[in-house]
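# Summary of the model geometry
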Amino acid sequence: MLIIDSKDCENIDKALKKYKKKFEKARILLQLRSRQSFTKPSVKRRTEVLKAVYKQQLASGKLDD
């Protein structure tokens, strides 16, 4: 649960902006999306390996886009 400390004289727009920033930093939306469906640990590991290989190919310049 996100709690925003708001002063009485503070504008509602500023408070909303603070809330949005805090929400984005907490990565709540990403957690909700990842929890919508179960992914097996082997699938997670495979995707991580494929991402790492892709990043290495990009860094070495072997990948042609």
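Named according to an unreviewed UniProt entry, the protein is Small ribosomal subunit protein bS21 originating from Chitinophaga ginsengisoli. Under the UniProt heading Sequence similarities (unreviewed entry), the note attached to the protein is "Belongs to the bacterial ribosomal protein bS21 family."

### Here we look at the overall build of the protein
A tally of regular secondary structure across the protein gives three helices and zero strands. Going from N to C terminus, the protein has its helices and strands arranged as α-α-α. Relative to its length of 65 residues, the protein is extended, with a C-alpha radius of gyration of 20 Å against a globular reference of 11 Å. Expressed along its principal axes, the backbone C-alpha trace of the protein runs to roughly 55 × 30 × 15 Å. Accessible surface computed for the protein: about 6700 Å², of which carbon and sulfur atoms make up 55%. Charged side chains in the protein number 18 positive and 8 negative. The centres of these two groups are separated by 7 Å.

### Re the environment of Lys17
Relative to the helices and strands, Lys17 resides in helix α1 (residues 12-26). What makes Lys17 exposed here is its relative accessible area of 57%.

### Structural notes on helix α3 (residues 41-60)
Here α3 spans 29 Å end to end across 20 residues, near enough to the 28 Å set by a 1.5 Å rise per residue. Where α3 ends, the next residue or the one after it, Gly61, has phi of about 85°, a positive value.

How each quantity is defined
- Residues numbered from 1 in each chain as written.
- Predicted model: local features only at pLDDT ≥ 70, side-chain atom pairs only at ≥ 80, totals over all residues.
- Heavy atoms only, no water.
- UniProt positions renumbered as here; feature names shortened; annotations may be inferred.
- Helix = DSSP H or I, 4+ residues; strand = E, 2+ residues; numbered from the N terminus.
- Rg over C-alpha atoms; globule rule 2.2 N^0.38 Å.
- Areas by Shrake-Rupley, 256 points an atom, 1.4 Å probe, with all protein chains shown as cover.
- Lys, Arg positive; Asp, Glu negative; His and termini not counted.
- Charge placed at Lys NZ, Arg CZ, Asp CG, Glu CD.
- Buried < 20%, exposed > 50% of the residue type's maximum accessible area, 1.4 Å probe, protein only.
- Expected span 1.5 Å × (residues − 1).

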